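Listed below, chain by chain, are the residues.
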Amino acid sequence: TNQGLSHPGVCEPHDSDLCKPKNTWLNCELESFKCDAIKSPEVKNLTIRFPNTSVPNFETNYFCMTFDLPTDGDYHVIAMTPVIDNVNVMHHILLFGCDSDKQGEASGPTACEMGSVQCNTLFGAWTVGSAGQCLYHEAGIRIGQKGIKRVLMQVHWNNPEMRDDYSDSSGMTLHYTPKLRPNSAVMLMVGQWYLEIPPGRERHAESAVCSKEDTHRLLTGPIKIVRALNHMHYLGREESLEIIRNEKRIAYVTNETTYSYDRPKFVTISPPLEIQPGDEIKTTCVFKSKNKKKTTFSGRGTSDEMCLGFMVVFPAENLLSRTCATWRSLSLTKLYRDLNPYGCNITNFFNLSHPDTRPLLEKLENNCKPFSICLEECKEVVKEVRKHPCLSGDVGKYIVHRAAQMFNGDFPRFLSLLQSCDVEMLKDKQVQRLTNNNESSGSVSPRRHLELIVSFLCVTLILLI
């Protein structure tokens, strides 16, 4: 397999005699778009697209721009079709509804993250290989006077050659009608945000559960699923979304055993499948990393991985949040919606001026030196600070993960102080283990003694470096 610009896990040339038997899972048929509803005479359309914009010479690029939607009436969007300008770089498009029609964020193409504070209601999606979305006949996405008035469009350009001569002006066409349907629909995203896929594996599975507690938090009544999409990157081979009720699977929303990133399969569910408060939604992803030499983590780039599922559901008013995902074992729904989940108020903890957390920073500042020598007094303070519930277990790992992505404010400094004695404390722990073994047994087996010495030398080497 070519590991340059090819698709990892795909034998190329994909139609050669050598590769055909190895690519039986690969489907290169393009999806066709069929949607009779948009042929009705009252249906209007609006195309939103970037002006011709230079694509940066980086492999992964996310750019956003906001657009006004019609406000001269009340409408339902019933279909969306892509307008793709540069197929060499287009990876996906996401649309987010904005809470306020007054904010002027990203009036032109601007580098961005996924969504924004003002625009965070997932509205629609397109990904490579899809011909568009046609919504279920009893539901539409509300726009206009009583619905979404402005959207933020995010595009992901994938430029693995890192060329500087590409440009793009892709976008989406929204098909909308003044004849409102019985229900308003929204998109719900589920899945696992933390992935760690070892190299050289024929099969590696990851999973996530939107738990019964989560659906009780998020649903004010039953919702119905009418359309679904699995989403992984190039290591993805299988993905399923299951509805579990009373500890038993009642249905598969998706069950894709031959997943292809370049040929996504939007699953139409008819009749609609109901989710009730107290049900569970399980996401399972299977990856193949046989040709990888390094561990693959979750991330935004196509060389990273994802394990997500998208479902179009209605009625919108029964869903309080558009996301139900996990990070390792943590329910992000619980972490951000409960007042004190896992014993940690995450909002207060990230605000280091808060009276509950400011003393932690002050203790570290008074006893530790970041990016410098490790002070003895710092070790004891770090041990004390790390007993805080927000720094324990997977919650602590999540906090550190989030903090590592911050570049401004007090939190990067807090993290550098907290980690300033990590290596020395590991060395102390190894020395203590060696001492404890000698004291408890009087002697240590030659093999165990060698293991402890090697471990100690490794830590010492890190210190010297």
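Note that the structure is predicted; figures quoted are calculated from it, not measured.

Quick question: what am I supposed to make of the packing of helix 4 (residues 358-367) against helix 7 (residues 411-418) here?
Between two packed helices, both the angle of their axes relative to each other and the distance between the axes serve to describe the pair. Interaxial distance between helix 4 and helix 7 falls to 10 Å at its minimum, and their mutual angle equals 55°. With respect to helix 7, the element helix 4 is oriented oblique. Between helix 4 and helix 7 lies a crossing of left-handed hand. Contact residues: helix 4 offers Leu360, Leu361, Leu364 and Glu365, while helix 7 offers Arg413, Phe414, Leu417 and Leu418. Taken together, the residues of the contact of helix 4 with helix 7 break down into six nonpolar, no polar and two charged.

Help me out: how do you make sense of unusual backbone geometry in this one?
When glycine is set aside, most residues are seen to have a negative phi, and most peptide bonds are trans. With an omega dihedral of 0°, the bond running from Ser270 to Pro271 counts as a cis peptide bond. Mapped onto the elements, Pro271 comes out in strand 20 (residues 267-275). With an omega dihedral of 0°, the bond running from Phe314 to Pro315 counts as a cis peptide bond. Along the chain, Pro315 falls in the loop between strand 23 (307-314) and strand 24 (323-327).

Quick question: what am I supposed to make of the packing of aromatic side chains here?
Any pair of aromatic rings gets described here by the distance separating the centres and the angle formed by the planes. The full count for this structure, using the stated rule, is 12 aromatic pairs. Ring centres of Tyr75 and Tyr176 lie 4.9 Å apart, and the angle between their planes is 80°; this geometry places the pair in the edge-to-face category. Placement of Tyr75 in strand 4 (residues 74-83) and of Tyr176 in strand 12 (residues 171-177) is noted, with a sequence separation of 101 residues between them. Look at Tyr75 and you get buried, because its relative accessible area is 5%. Between Phe349 and Phe414, the aromatic rings sit 6.0 Å apart at their centres with planes inclined by 85°, giving edge-to-face as the arrangement. With Phe349 in helix 3 (residues 346-350) and Phe414 in helix 7, this pair connects stretches of sequence that are 65 residues apart. Here the two residues Phe349 and Phe414 agree in accessibility, since each one is buried.

Any chance you could explain the nonpolar core here in plain terms?
Membership of the largest hydrophobic core comes to 52 residues, with the highest contact counts inside it found for Phe123 and Met153. Tallying contributions element by element places strand 5 (residues 90-98) first for this core, with six residues. With 32 residues, the next largest nonpolar core counts Ile346, Cys378, Val382 and Cys390 among its residues.

Can you walk me through the state of the cysteines in this structure?
Two cysteines joined by a covalent bond between their sulfur atoms form a disulfide. The full count for this structure, using the stated rule, is eight disulfides. The partner cysteine of Cys210 in its disulfide is Cys324, sulfur to sulfur 2.0 Å. On the sign convention where negative means left-handed, the S-S torsion of about 95° between Cys210 and Cys324 marks this disulfide as right-handed. Remark: Cys324 occurs in strand 24 and Cys210 occurs in strand 16 (residues 204-210); sequence separation between them is 114 residues. Relative accessible area serves as the criterion here: at 4%, Cys210 is assigned to the buried category. With relative accessibility at 3%, the residue Cys324 sits in the buried group. At a sulfur-sulfur separation of 2.0 Å, the disulfide partner of Cys368 is Cys378. When the S-S torsion is 100°, as for the bridge of Cys368 with Cys378, the disulfide is right-handed. Of this pair, Cys368 sits in the loop between helix 4 and helix 5 (376-385) while Cys378 sits in helix 5, placing them 10 residues apart in sequence. Exposure remark for Cys378: the relative accessible area of 0% places this residue in the buried category.

What counts, and where the lines are drawn
- Residues numbered from 1 in each chain as written.
- Predicted model: local features only at pLDDT ≥ 70, side-chain atom pairs only at ≥ 80, totals over all residues.
- Heavy atoms only, no water.
- Axes fitted to C-alpha atoms, helices over the stretch in contact; angles between N-to-C directions.
- Helix = DSSP H or I, 4+ residues; strand = E, 2+ residues; numbered from the N terminus.
- Parallel < 35°, antiparallel > 145°, perpendicular 65-115°, else oblique.
- Left-handed = near helix turned anticlockwise from the far one by under 90°.
- Contact = heavy atoms within 4.5 Å.
- Nonpolar A, V, L, I, M, F, W, Y, C, P; charged D, E, K, R; others polar.
- Phe/Tyr/Trp six-rings, centres within 6.5 Å; stacked < 30°, edge-to-face > 60°.
- Buried < 20%, exposed > 50% of the residue type's maximum accessible area, 1.4 Å probe, protein only.
- Core = buried A, V, L, I, M, F, W, Y, C linked by side-chain atoms within 4.5 Å.
- Disulfide = S-S within 2.5 Å.

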